[in-house]
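Listed here are the chains, written in short residue letters.
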Amino acid sequence: MLLQVAHPVVGAGVADHSEFLEDRWGRLLRTVESTTRFLGYRGDAAGRRETARLREVHRDIKGVDARGRRYHALNPEAYLWVHATLLHGMLEAQRLFARPVPPARAAALFEEWRQLAFALGVAERHVPEDPAAFRRYFDAMVNDRLEDNETVRLLIRLDREPLPPPPRWPLPDVAWQGLAVPTTAMLRRVGVGSLPPVLRARFGLAWSAADEWGFRRFAQAMRTADAALVGPLRYTPIAARAMRAARHRR
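Let me sum up the structure you'll find in this document. (Residues numbered from 1 in each chain as written. Predicted model: local features only at pLDDT ≥ 70, side-chain atom pairs only at ≥ 80, totals over all residues. Heavy atoms only, no water.)

## So, the environment of Gly-121
Following the sequence through the fold, Gly-121 ends up in the loop between helix H6 (103-119) and helix H7 (131-144). The class of Gly-121 is partly exposed, set by a relative accessible area of 42%. As a C-alpha pair, Gly-121 and Leu-80 span 41 residues in sequence and 9.5 Å in three-dimensional space. (Helix = DSSP H or I, 4+ residues; strand = E, 2+ residues; numbered from the N terminus. Buried < 20%, exposed > 50% of the residue type's maximum accessible area, 1.4 Å probe, protein only.)

Written out as structure tokens, the structure is:
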């Protein structure tokens, strides 16, 4: 999310139009459900409907940001950037915490990502043509386009605070705090450690040699645990079901 909202158009749109502060759990769950449809986990027809719905939802998200710049959520650069962070996130998570995606599989994943970009309505001229072009595009965006803005500041502040208990949480709030406080600290550390170093500096996020050492040890522990997992345990239930269904269709 930090990568996404650091784009000036995305950051302004979230600041002016998102309700995530008022309904953080609802926004999170709706995003997860949208992603499962969009990625095809609910079937191809549901994926097509979701891409059309997303464009319609973003059609009226526009305005003028804090620096006087006009923005529109369907700006091709911004729309593609949000989509790009999904591919980067998947590959980077595998590289850091599991086993790097093999080149052939990464190329197939990239091509699927391209096709999803077209389904979202991004014109072909805006979409990198191969994995090497994507890497150059991503690095250029990080180095030259992303910025420290109001929404970045808000997310950094919220990252220091646990989410409130989810709706219908059955236990006392103190039980939630016992779970949420250490989890929040761990996720914040992982999130900061996973950022490109240039963005940590741009956002003013302190990161010492000791922090880097601890992060690398944590990543190594995750890779060790991943190596011990059998195949089905590496996937969320909805992804595992989708993979089984795809195999049965062949």
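## Examining the nonpolar core
The tendency in soluble globular proteins is for nonpolar side chains to be buried side by side. Membership of the largest hydrophobic core comes to 48 residues, with the highest contact counts inside it found for Trp-81, Trp-113, Phe-134 and Phe-203. Where this core is concerned, the elements lending two or more residues are helix H1 (2-5), helix H2 (8-17), helix H5 (76-97), H6, H7, helix H8 (150-158), helix H9 (173-194) and helix H11 (209-228). For this core, the leading source of residues is H5, giving eight residues. Beyond its immediate sequence surroundings of up to four residues, Trp-113 is in contact with Leu-80, His-83, Ala-84, Leu-87, Val-127, Pro-128 and Phe-134. (Core = buried A, V, L, I, M, F, W, Y, C linked by side-chain atoms within 4.5 Å. Contact = heavy atoms within 4.5 Å.)

## A short note on the side chain of Arg-200
Within the fold, Arg-200 resides in helix H10 (residues 197-202). We note that Arg-200 is buried and unpaired, the nearest opposite charge coming from Glu-212 at a distance of 4.2 Å. (Lys, Arg positive; Asp, Glu negative; His and termini not counted. Salt bridge = Lys/Arg side-chain N within 4 Å of Asp/Glu carboxyl O.)

## Here's the deal with H2
Within the span of H2, buried status applies to Pro-8, Val-9, Val-10, Gly-11, Ala-12 and Gly-13. Looking at the buried positions of H2, the neighbouring elements they touch are H1, strand E2 (70-72), H5 and H8.

## Comments concerning the environment of Ala-210
Turning to its location among the elements, Ala-210 is positioned in helix H11. Ala-210 sits 173 residues away from Arg-37 along the chain, and the two C-alpha atoms are 41 Å apart.

## Notes on the pattern of salt bridges
Tallied over the entire structure, the rule returns 18 salt bridges. For Arg-145, the salt bridge is made with Glu-77, and the minimal N-O distance between the two is 2.6 Å. You can see Arg-145 sitting in the loop between H7 and H8 and its partner Glu-77 sitting in helix H5, a full 68 residues away along the chain. Put simply, Glu-92 and Arg-95 hold a salt bridge, and the shortest N to O gap is 2.7 Å. Here the residue Glu-92 and the residue Arg-95 both occupy positions in helix H5, the gap between them amounting to three residues, near one helical turn. Take Glu-92: its relative accessible area is 18%, and that puts it in the buried class. If you follow the salt bridges from partner to partner, you end up with Glu-33, Arg-37, Glu-50 and Arg-53 in one network.

## Topic: the packing of H5 against H6
Here H5 crosses H6 at 160°, and the two axes come no closer than 11 Å. Overall, the two elements H5 and H6 adopt an arrangement that is roughly antiparallel. At the point where H5 passes H6, the crossing takes the right-handed sense. Residue-level contacts link Leu-80, His-83, Ala-84, Leu-87, Met-90 and Leu-91 of H5 to Ala-106, Leu-109, Phe-110, Trp-113, Leu-116 and Ala-117 of H6. Of the residues in the contact of H5 with H6, the class split is eleven nonpolar, one polar and no charged. (Axes fitted to C-alpha atoms, helices over the stretch in contact; angles between N-to-C directions. Parallel < 35°, antiparallel > 145°, perpendicular 65-115°, else oblique. Left-handed = near helix turned anticlockwise from the far one by under 90°. Nonpolar A, V, L, I, M, F, W, Y, C, P; charged D, E, K, R; others polar.)

Any functional reading would require information that these geometric values do not contain.
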